[in-house]
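Listed below, chain by chain, are the residues.
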Protein chains: 2
Amino acid sequence: MLACMKAQKRSFYAGEEIYSFDTPRKIVGILLNGQAAVIRYEYNGTRSILENLSPKSIFGEHLSFVPSDDSCIAVVCQTDCQVLFIDYQSMTRTCQNACACHTQLIRNLLQLLSDKTRSLSERVEVLSQRSIREKLMCYFMQLAAGKNSSTFELPFTMIDFADFLSVNRSAMIRELGKMKKEGLIQISKRTVTLL
Amino acid sequence: MLACMKAQKRSFYAGEEIYSFDTPRKIVGILLNGQAAVIRYEYNGTRSILENLSPKSIFGEHLSFVPSDDSCIAVVCQTDCQVLFIDYQSMTRTCQNACACHTQLIRNLLQLLSDKTRSLSERVEVLSQRSIREKLMCYFMQLAAGKNSSTFELPFTMIDFADFLSVNRSAMIRELGKMKKEGLIQISKRTVTLL
DNA sequence: ACAAAAAAGTTGCAAAAGCAACAGAATATA
DNA sequence: TATATTCTGTTGCTTTTGCAACTTTTTTGT
């Protein structure tokens, strides 16, 4: 079946670029294992983490970002990764063999896409908060809801976390300090507790 | 077929609330015609437009936002609208009749979802810009790319536009004024030209 | 056509966030 | 284990953004 979809599996080392959005290709990628991120590099030096990818995350030209003239966007892996690349055309069309599994694949794909939609919506929710504190709290609440616990781990270094929230790193750390002092949160290393 | 999916068509008047995210329901809605928006009302008075919905846009609990303790999120129509509501379960599962059109429906759904993913990604791109000016320019470039023209219409009042970019209205208008003065854009009423 | 309401645009001032240049801590590397 | 590198956390200063109060313009409804 994978042959029928022109699928191919590839491995990448931490730090490698998996996919760049500058050259339109008719494929989608599915992260099989590892952690990756969609990152935008602005030519003025600003870096933003547009999306965090975990296993089963799906990405590709069709589903995603269009870099502007003064930026480039790429999927970069944070850890060693395996990725399945699938031809977009042969995926959505009925295959010649009319194989049953093809139908199932489309169902699975629907699930992956709807998960992606959900995670992008969460992303919009965080980024549409007005202040750094509100962004932090909104994201913390998402993590807490995901773990069903008021204690959770940040999946970022502070540098990446700031780029993820699209705010200045030192301003973010300053705000975290205030929130700690005001008794809103507890934080040591990457472990956060909402109080 | 629509019966088999427990689908029902409903009409709404401009300003009416189509869907609220506080009571989880197992349905998705597809906007058939009109304009609507996903809006978050924070209890401190802040209003944000999380998403703009046009005909064929799809929305629902499964695909979307989770309101926090101090906010509520709803789909509100801007103009008169018709919406098709579909039962999520019966949509994704194979139906008893194994009707051919059911398979086609899933394909169509895949298309709608992938469009939604794309528009949410664009949204993330805008909101992850650091300054008001960058947000404006990023959004303008999206509109220009969509119309294939450097002149385009804003689909908002200035009030809604600011809520869409998640910035203060007067600060936004101030910035638009500066950009006009610096010769970056031309703007009269809702017509914008990139220079 | 007129009044009322909504939206657009201005401005001064206050608050928040960005920036840059550090010092100290933690990690990685030889 | 020493050394380099990256990350974390601080701070003073600057710039941007938010806020509130207001005037002007546009739209709507009768």
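For the structure, see preceding data.
None of these values were measured; they are calculated from a predicted model.

*Asks:* How would you explain the protein's contact with DNA strand D if you had to name every residue and give the values?
*Replies:* The local shell around DNA strand D holds 16 residues, among which A:Met158, A:Arg169, B:Ile132, B:Asn168 and B:Arg174 are the closest. Expressed as a percentage, the sugar and phosphate content of the atoms of DNA strand D within 4 Å of the protein is 52%. A:Arg174 places a polar side-chain atom, nitrogen or oxygen, 3.0 Å from a base oxygen of DNA strand D. Between B:Ile132 and DNA strand D, the recorded distance is 2.8 Å, taken from a backbone N or O atom to a phosphate oxygen. Taken together, the residues of the surface near DNA strand D break down into 6 nonpolar, 5 polar and 5 charged.

*Asks:* Give me the relation of the copies chain B and chain A: which residues, what numbers.
*Replies:* When chain B is fitted onto chain A, the two copies agree to an RMSD of 0.0 Å after a turn of 180 degrees and an axial shift of 0.0 Å. The transformation relating the two chain copies, once decomposed into turn and shift, fits a two-fold axis. The residues that chain B uses at the interface reappear at the interface of chain A in 100% of cases, marking a shared surface.

*Asks:* An account of the packing of helix 3 (residues 132–147) of chain A against helix 5 (residues 169–181) of chain A is needed here, citing residue identities and associated values.
*Replies:* Residue and element names in this part refer to chain A. Contact pair helix 3 / helix 5: the axes reach a minimum separation of 10 Å and the direction vectors enclose 70 degrees. Judged by the inter-axis angle, helix 3 sits roughly perpendicular to helix 5. Counting all contacts with helix 3, which are made through Ile132, Arg133, Leu136, Met137 and Phe140, the residues of helix 5 involved are Ala171, Met172, Glu175, Leu176, Lys178 and Met179. When the residues that make up the contact of helix 3 with helix 5 are grouped by side-chain class, the tally is 8 nonpolar, no polar and 3 charged.

*Asks:* Lay out the interface of chain B and chain A in plain terms, naming residues and giving numbers.
*Replies:* If you look at the interface, chain B gives 46 residues, while chain A gives 46 residues. Looking only at chain B, the three residues that lose the most surface to chain A are B:Arg107, B:Leu110 and B:Arg130, adding up to 18% of its buried area. For the interface between chain B and chain A, the tally reads 2 salt bridges. For A:Asp163, the salt bridge is made with B:Arg130, and the minimal N-O distance between the two is 3.9 Å. If you look at where chain B meets chain A, you find 10 residue pairs in polar contact (both at pLDDT 80 or more).

*Asks:* Can you break down the environment of B:Met179 residue by residue, with the values?
*Replies:* Residue and element names in this part refer to chain B. Along the chain, Met179 turns up in helix 5 (residues 169–181). Given a relative accessible area of 0%, Met179 falls into the buried group. Residues Met179 and Phe140, spaced 39 residues apart in sequence, show a C-alpha to C-alpha distance of 12 Å. Not counting residues within four places of it along the chain, the set of residues in contact with Met179 comprises Arg133, Leu136, Met137, Leu184 and Ile185.

*Asks:* Describe the side chain of B:Ser57, listing the residues and the values that go with them.
*Replies:* Here B:Ser57 lies in the loop between strand 5 (47–53) and strand 6 (58–60). In this view, B:Ser57 contacts B:Gly29, B:Ile30 and B:Leu31; residues no more than four positions away in its chain are not counted.

*Asks:* Explain the sheet that holds strand 3 (residues 27–33) of chain B residue by residue, including any values.
*Replies:* Residue and element names in this part refer to chain B. The strand order across the open sheet built from 4 strands is 1-8-3-6, with neighbouring strands paired in antiparallel fashion. For this open sheet the edge positions go to strand 1 (8–12) and strand 6, each flanked by a neighbour on one side alone. Going from strand to strand, the sheet's axes swing by 30 degrees on average, the running direction of each strand aside. Sheet analysis places strand 3 next to strand 8 (residues 81–87), joined by 6 bridges and oriented antiparallel. Its bridge partner being in strand 8, Ile30 is matched across the sheet by Leu84.

*Asks:* Explain the packing of helix 3 (residues 132–147) of chain B against helix 4 (residues 158–165) of chain B residue by residue, including any values.
*Replies:* All names here are of chain B. At a minimum axis separation of 11 Å, helix 3 and helix 4 run at an interaxial angle of 105 degrees. Accordingly, the angle class assigned to the pair helix 3 and helix 4 is roughly perpendicular. From helix 3, Lys135, Leu136, Tyr139 and Phe140 reach across to helix 4, where they touch Phe161, Phe164 and Leu165.

What counts and how
Residues numbered from 1 in each chain as written. Chains lettered and ligands numbered in written order. Predicted model: local features only at pLDDT ≥ 70, side-chain atom pairs only at ≥ 80, totals over all residues. Heavy atoms only, no water. Near = heavy atom within 4 Å. Polar contact = N/O pair within 3.5 Å; in protein donor to acceptor, adjacent residues only side chain to side chain. Nonpolar A, V, L, I, M, F, W, Y, C, P; charged D, E, K, R; others polar. Least-squares fit on C-alpha atoms with pLDDT ≥ 70 in both. Contact = heavy atoms within 4.5 Å. Axes fitted to C-alpha atoms, helices over the stretch in contact; angles between N-to-C directions. Helix = DSSP H or I, 4+ residues; strand = E, 2+ residues; numbered from the N terminus. Parallel < 35°, antiparallel > 145°, perpendicular 65-115°, else oblique. Buried area = accessible area lost by both parts, 1.4 Å probe. Salt bridge = Lys/Arg side-chain N within 4 Å of Asp/Glu carboxyl O. Buried < 20%, exposed > 50% of the residue type's maximum accessible area, 1.4 Å probe, protein only. Pairing = 2+ DSSP bridges.

Taken by themselves, the reported measurements are silent on function.
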